[in-house]
Amino acid sequence: MKKYGVNELRQMFLDFMESKGHLVMKSFSLVPQGDKSLLLINAGMAPLKPYFTGAEIPPRTRVSTCQKCIRTGDIENVGKTARHGTFFEMLGNFSFGDYFKKEAIHWSWEFLTEVVGLDANRLYPSVYLEDDEAFDIWNKEIGIPADRIFRFGKEDNFWEHGAGPCGPCSEIYYDRGEKYDPEGLGEKLFFEEMENDRYIEVWNVVFSQYDCNPAIDRKEYKELPQKNIDTGKGLERLVSIIQGGETNFDTDLFLPIIHATEKLANVSYEENKMAYRVIADHIRTVTFALADGAMFDNAGRGYVLRRILRRAVRYGKQIGIEKAFMYDLVPLVCDMMKDFYDYLPEKQDFISTMVKKEEE
């Protein structure tokens, strides 16, 4: 398997989906437009909600994006685990009343095995407990043995994120090998600990056919006027697998930031990995959020950003950095990401100024 760089891999996905008739759209702003249910865009499908519900007509019934996202619900895990992050890029392909389960599953398999070159024997799909149709596609059409297809309940294989489109899903896991399974549990890990370091989820195909109203007791799921596809692939974890990184942070997405931070500290990365990982993740989050128009504040999304920056500064003190330093990392983030997000360099000075002022 070739070890692709992040920019190469991102483009490979978008080119693949374009070859399947998808309109490739630019990432939407992290600041939600016309959606009061979110402070910040937290999923690839979030900006596309009106297309799923039928409230707006999409530019094409097949769309693909690499969407910037921010999630902070599990911020305390950032730096502790191999995969948690507050800022991430979500690769996605979407169908609005066009194709459904068959095509979505086949294309996910084709991209991972034929385009990227992952070993098919290391891939394990899961399906919703009652979804015999998805199970049969994996088993009878893709050719995955029945004992390698896992059925899980609503907690694991039914995707919903607050109000809006939702539905059963099929996930694909990659086996990173025995090195990440010290107790030798093997496939038992699927049932004992879904968030483990051996079997990593690399693709989630959501069969988005319901509209969820969580405000109603016991929730309410209404059939959408059309059956849709909403897929998500975390670019960071896919890069980690392809580049052989022990964690998401051991890749070309984070290591340049980590090495730049080492020059400012008196403690090495090996001596305090968590501090460096928090800093590398959080400066990416702050940089992209400010570039999209968010600002530091005492409430709302501004408070989220303030909390993220202060957490990073606190970890900076752990590795001996007493002065303002996060603003010095902004130009590096902008330079690393400018190939795809070409607007960053022109906003670099403004972002650095805002971050320094907030640090001080």
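Computed from a predicted model, the values in this text were never measured in an experiment.

S.K.: An account of the overall build of the protein is requested, with residue identities and associated values reported.
M.R.: In terms of helices and strands, the protein carries 12 helices and nine strands. The C-alpha atoms of the protein give 20 Å as radius of gyration, which agrees with the globular expectation for 360 residues (21 Å, within 12%). By its C-alpha atoms, the protein is 60 × 50 × 40 Å across when sized along the principal axes. Counting across all 360 residues of the protein, residues that qualify as buried make up 56%. Across the protein, every contact between residues at least 6 apart in sequence was considered, and the portion connecting residues at least 24 apart equals 73%. Surface accessibility of the protein: about 15800 Å² in total, with carbon and sulfur atoms responsible for 46%. The positive charge centre, built from 46 side chains, and the negative charge centre, built from 59, are 3 Å apart in the protein.

S.K.: Describe helix α10 (residues 300-318), listing the residues and the values that go with them.
M.R.: An ideal rise of 1.5 Å per residue puts 27 Å on 19 residues; α10 measures up with 28 Å between its terminal C-alpha atoms. Every buried residue of α10 is listed here: Gly302, Val304, Leu305, Arg306, Ile308, Leu309, Arg311, Ala312, Tyr315 and Gly316. Residues of α10 that are buried in the fold lie against α9 (273-291), α11 (326-337) and α12 (344-359). Immediately beyond the C-terminal end of α10, within one or two residues, lies glycine 320, with a positive phi of roughly 90°.

Rules of the game
Residues numbered from 1 in each chain as written. Predicted model: local features only at pLDDT ≥ 70, side-chain atom pairs only at ≥ 80, totals over all residues. Heavy atoms only, no water. Helix = DSSP H or I, 4+ residues; strand = E, 2+ residues; numbered from the N terminus. Rg over C-alpha atoms; globule rule 2.2 N^0.38 Å. Buried < 20%, exposed > 50% of the residue type's maximum accessible area, 1.4 Å probe, protein only. Contact = heavy atoms within 4.5 Å. Areas by Shrake-Rupley, 256 points an atom, 1.4 Å probe, with all protein chains shown as cover. Lys, Arg positive; Asp, Glu negative; His and termini not counted. Charge placed at Lys NZ, Arg CZ, Asp CG, Glu CD. Expected span 1.5 Å × (residues − 1).

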